[in-house]
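Inside the fold
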Amino acid sequence: MQNLAVALQNSERLFDENEIDAAIRRIAADVRNDYAGPRPVYLSVMHGGMLFASRLSLAVGIDLEFDYLHATRYRGATTGSGLAWLHRPATPLEGRRVLIADDILDEGHTLKAVRDWCEDQGALDVRVAVLCEKIHDRRVEGI
């Protein structure tokens, strides 16, 4: 707990709760418009994306088929390496539309690998919803 207290003392709040709620409502409206029709598969990225994915799913207000995935490149380190799957979705993706929800888009290596895997499983369409996007020039192409 002491480390958390130190981290909070040295932190700066970028967005308040109202701004975060407004962003989630905007993303939810886009999802509602884009996913009319057959029920999409909604994949939460564990663990980081869990809270955002939960809040977004409630705000979307359409029927979703829920599943989750857990993939990492970090394995406890601060720099990434190859993708390691800790849990793959159990829901068959062939012929389905898929929405992946995660908290932060950084360089995009993990999300691109997950999206490519979903496409390899036969998903018709795979999109990614993120709450925050880091702005820098290290983003992988195609995400």
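All of the points below concern the structure found in this document. No experiment lies behind these values; they were computed from the predicted model shown.

**Considering the layout of surface pockets**
- Here the second largest pocket is characterised by a volume of approximately 210 Å³.
- What lines the second largest pocket is simply Leu14, Phe15, Glu19, Ile20, Ala23, Arg26, Ile27, Val130, Leu131 and Cys132.
- Elements with a minimum of two residues in the lining of the second largest pocket: α2 (17-34) and β5 (125-133).
- The element that contributes the greatest number of residues to the lining of the second largest pocket is α2, accounting for five residues.
- Among the residues forming the lining of the second largest pocket, the class breakdown is eight nonpolar, no polar and two charged.

**Concerning the sheet that holds strand β1 (residues 41-45)**
- Read from one edge of the open sheet, five strands run β3-β2-β1-β4-β5, paired in mixed fashion. In this open sheet, the two edge strands, each paired with only one partner strand, are β3 (84-87) and β5. Sheet twist, expressed as the mean angle between neighbouring strand axes with direction ignored, is 30°.
- Packing of helix α3 (residues 50-60) onto the sheet brings it into contact with β1, β2 (65-72), β4 (97-105) and β5, and relative to β1 it is tilted by some 150°.
- Relative to the sheet, helix α4 (residues 109-120) contacts β1, β2, β3, β4 and β5, its axis offset from that of β4 by approximately 170°.

**Comments concerning the packing of aromatic side chains**
- In this structure the tally under the stated criterion is two aromatic pairs.
- Judged by centre distance (5.6 Å) and plane angle (80°), the rings of Tyr42 and Phe66 are edge-to-face. Here Tyr42, found in strand β1, pairs with Phe66, found in strand β2; they are 24 residues apart in sequence, far enough to count as distant.
- Given the relative accessible area of 52%, Phe66 is considered exposed.
- On the numbers, 5.0 Å between centres and 50° between planes, the contact of Trp85 with Trp117 is tilted. Taken as a pair, Trp85 in strand β3 and Trp117 in helix α4 lie far apart in primary sequence, 32 residues in all.
- Given a relative accessible area of 16%, Trp117 falls into the buried group.
- In this structure, Arg97 packs its charged tip against the face of Tyr35, placed 4.3 Å from the ring centre.

The rules we used
- Residues numbered from 1 in each chain as written.
- Predicted model: local features only at pLDDT ≥ 70, side-chain atom pairs only at ≥ 80, totals over all residues.
- Heavy atoms only, no water.
- 1 Å grid on protein atoms, 1.4 Å probe; cavity = no way out; pocket = protein on both sides within 12 Å on 5 of 7 lines; lining within 4 Å.
- Points joined across faces, edges and corners; volume = space filled by probe spheres on them.
- Helix = DSSP H or I, 4+ residues; strand = E, 2+ residues; numbered from the N terminus.
- Nonpolar A, V, L, I, M, F, W, Y, C, P; charged D, E, K, R; others polar.
- Pairing = 2+ DSSP bridges.
- Axes fitted to C-alpha atoms, helices over the stretch in contact; angles between N-to-C directions.
- Contact = heavy atoms within 4.5 Å.
- Phe/Tyr/Trp six-rings, centres within 6.5 Å; stacked < 30°, edge-to-face > 60°.
- Buried < 20%, exposed > 50% of the residue type's maximum accessible area, 1.4 Å probe, protein only.
- Lys NZ or Arg CZ within 6 Å of the ring centre and 35° of its normal.

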